[in-house]
Amino acid sequence: MAPAVIETHALTRSFGPRRGIIDVDLAVEPGQIFGFLGPNGAGKSTTIRILMGLYHASSGAARVLGLDPLGDAVELHRRTGYLPGELAVYPRLTGRQVLDRFGSVRGLRDTRYRDQLIERFGAEIDRPTQTLSKGNKQKLGLVLAFMHRPELLVLDEPTSGLDPLLQREFVALLEETTADGRTVFLSSHDLDEVQRVVHRLAIIREGRIVVTDTVEGLRRHAPRTVELTFDHEVDTTALGRLEGVQTSESSDPRHLLLTITGPVAPVLRAIAPLDPVDLLARPADLDELFLGYYRSTELQEV
Ligand SMILES: Nc1ncnc2c1ncn2[C@@H]1O[C@H](COP(=O)(O)OP(=O)(O)OP(=O)(O)O)[C@@H](O)[C@H]1O
Ligand SMILES: [Mg+2]
């Protein structure tokens, strides 16, 4: 197997109790689009800043493109396209001046691809960056990240502020990027958007990774809902005792709602003798699973 493009082991950064990131393990393979999801304050930007050598870790290890993010920062930034969560670049310079500065630092001579990107995203490049709207800053940030065709893109919430048409354009750009064999690591809040583009994803909550899987793998474990209708009274306690099954009664005692997160066969066997007159099954709900991972433990206890 090719060496991982991003690899972290027990990466930890504390800013005080209950803040920062704890024991983050990540492995991003070449050519992948890897999604990094989690609620506000979960630790996405902190992790990304460590990967880009902008924060030091309190403990643990990170290698990016085989490099040490702090020690090899110059080479790392040359070979990577980084889109920060909040673009803060020379507020008084115009977008064009910023692009030229970054371009010359990176030794970018052929600007055709850059100009295509400007056109494609309709980036506003003739005004001082401090006067740009959030969306227009984001477009400039995307051009900055992609213009030198880096082998790795590290994008902190790349689509925040983009309108739906540009979000689509962005997805197309991601697909072109990985078709070249290049790698993308992106953070997001939007499961819907992420599940359409990523090969793998990790969910972080309160500084810890709670799951890493493919979208397909997640879907296999996502809850399914089954609604049963009876024409007689039934004793459903046996169903409720099955592993991975939650029952919720409705106001009508002849209706029963099951949420199944485990294997379905044992549930079907337990249902059959109850003699339902109807059964309605809904497909796996990734949203529900995702929200389950999102909800903080404190909220769950309430
Ligand atoms: N420089 C800092 N000083 C103190 N605390 C910080 C610093 N940077 C991050 N934190 C804390 O670390 C935790 C993780 O923050 P981080 O910005 O990584 O979250 P995030 O997942 O990117 O959230 P969001 O979705 O809102 O962008 C938060 O509790 C945050 O307050
Ligand atoms: Mg963030």
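Fair warning: this is a prediction, and the values are worked out from it, not measured in the lab.

Caption draft 1: Quick look at the sheet that holds strand β12 (residues 255-260). The strand order across the open sheet built from four strands is β11-β12-β10-β13, with neighbouring strands paired in antiparallel fashion. A strand with exactly one partner marks an edge of an open sheet, and here the two such strands are β11 (245-249) and β13 (278-282). For this sheet the average axis-to-axis angle between neighbouring strands, irrespective of direction, equals 20°. Where β11 meets β12, five bridges bridge the pair, whose relative direction is antiparallel. Within β12, the position partnered with Glu249 by the bridge is Leu256.

Caption draft 2: Structural detail: the packing of helix α4 (residues 112-121) against helix α6 (residues 164-179). The contact between α4 and α6 brings their axes to 10 Å, and the two run at 150°. The pairing of α4 with α6 is recorded here as roughly antiparallel in orientation. Contacts from Tyr113, Leu117, Arg120 and Phe121 of α4 reach α6 at Leu166, Glu169, Phe170, Ala172, Leu173 and Glu176.

Caption draft 3: Focus on the site of ligand 1. For ligand 1, the set of nearby residues contains 14 residues, the closest of which are Gly41, Lys44, Ser45, Thr46 and His189. Within the side chain of Asn40, an N or O atom sits 3.0 Å from an oxygen atom of ligand 1. Interatomic distance of 3.2 Å between a side-chain N/O atom of Tyr55 and a nitrogen atom of ligand 1. Looking at the shell around ligand 1 element by element, the count peaks at three residues for helix α1 (residues 44-51).

Caption draft 4: Layout of empty space enclosed by the protein. Evaluation of the coordinates by the stated rule reveals one cavity of 30 Å³ or more. Computed from the structure, the largest cavity encloses a volume of approximately 40 Å³. Forming the boundary of the largest cavity are Thr159, Phe170, Val171, Leu174, Leu186, Glu193, Val194 and Val197. Sorting the residues of the lining of the largest cavity by element identifies α6 and α7 (191-197) as the ones contributing at least two each. Here the lining of the largest cavity is built from residues that sort into six nonpolar, one polar and one charged.

Caption draft 5: Main features of the sheet that holds strand β2 (residues 20-28). The three strands lie next to each other as β2-β1-β4, forming an open sheet whose pairing is antiparallel. In the strand order of this sheet, the two ends are held by β2 and β4 (59-64), each with one partner. Ignoring strand direction, the axes of neighbouring strands in this sheet form an average angle of 20°. When strand β1 (residues 6-14) meets β2, the two strands line up antiparallel, connected through six bridges. Across the sheet, Glu7 pairs through a bridge with Ala27, a residue of β2.

Caption draft 6: Expanded view of the domain arrangement of the protein. One can read the domain layout of the protein as domain 1 (6-219) and domain 2 (223-283). Taken over C-alpha atoms, the centre of domain 1 sits 44 Å from the centre of domain 2.

Procedures and definitions
- Residues numbered from 1 in each chain as written.
- Chains lettered and ligands numbered in written order.
- Predicted model: local features only at pLDDT ≥ 70, side-chain atom pairs only at ≥ 80, totals over all residues.
- Heavy atoms only, no water.
- Pairing = 2+ DSSP bridges.
- Helix = DSSP H or I, 4+ residues; strand = E, 2+ residues; numbered from the N terminus.
- Axes fitted to C-alpha atoms, helices over the stretch in contact; angles between N-to-C directions.
- Parallel < 35°, antiparallel > 145°, perpendicular 65-115°, else oblique.
- Contact = heavy atoms within 4.5 Å.
- Near = heavy atom within 4 Å.
- Polar contact = N/O pair within 3.5 Å; in protein donor to acceptor, adjacent residues only side chain to side chain.
- 1 Å grid on protein atoms, 1.4 Å probe; cavity = no way out; pocket = protein on both sides within 12 Å on 5 of 7 lines; lining within 4 Å.
- Points joined across faces, edges and corners; volume = space filled by probe spheres on them.
- Nonpolar A, V, L, I, M, F, W, Y, C, P; charged D, E, K, R; others polar.
- Domains from an automatic or database assignment.

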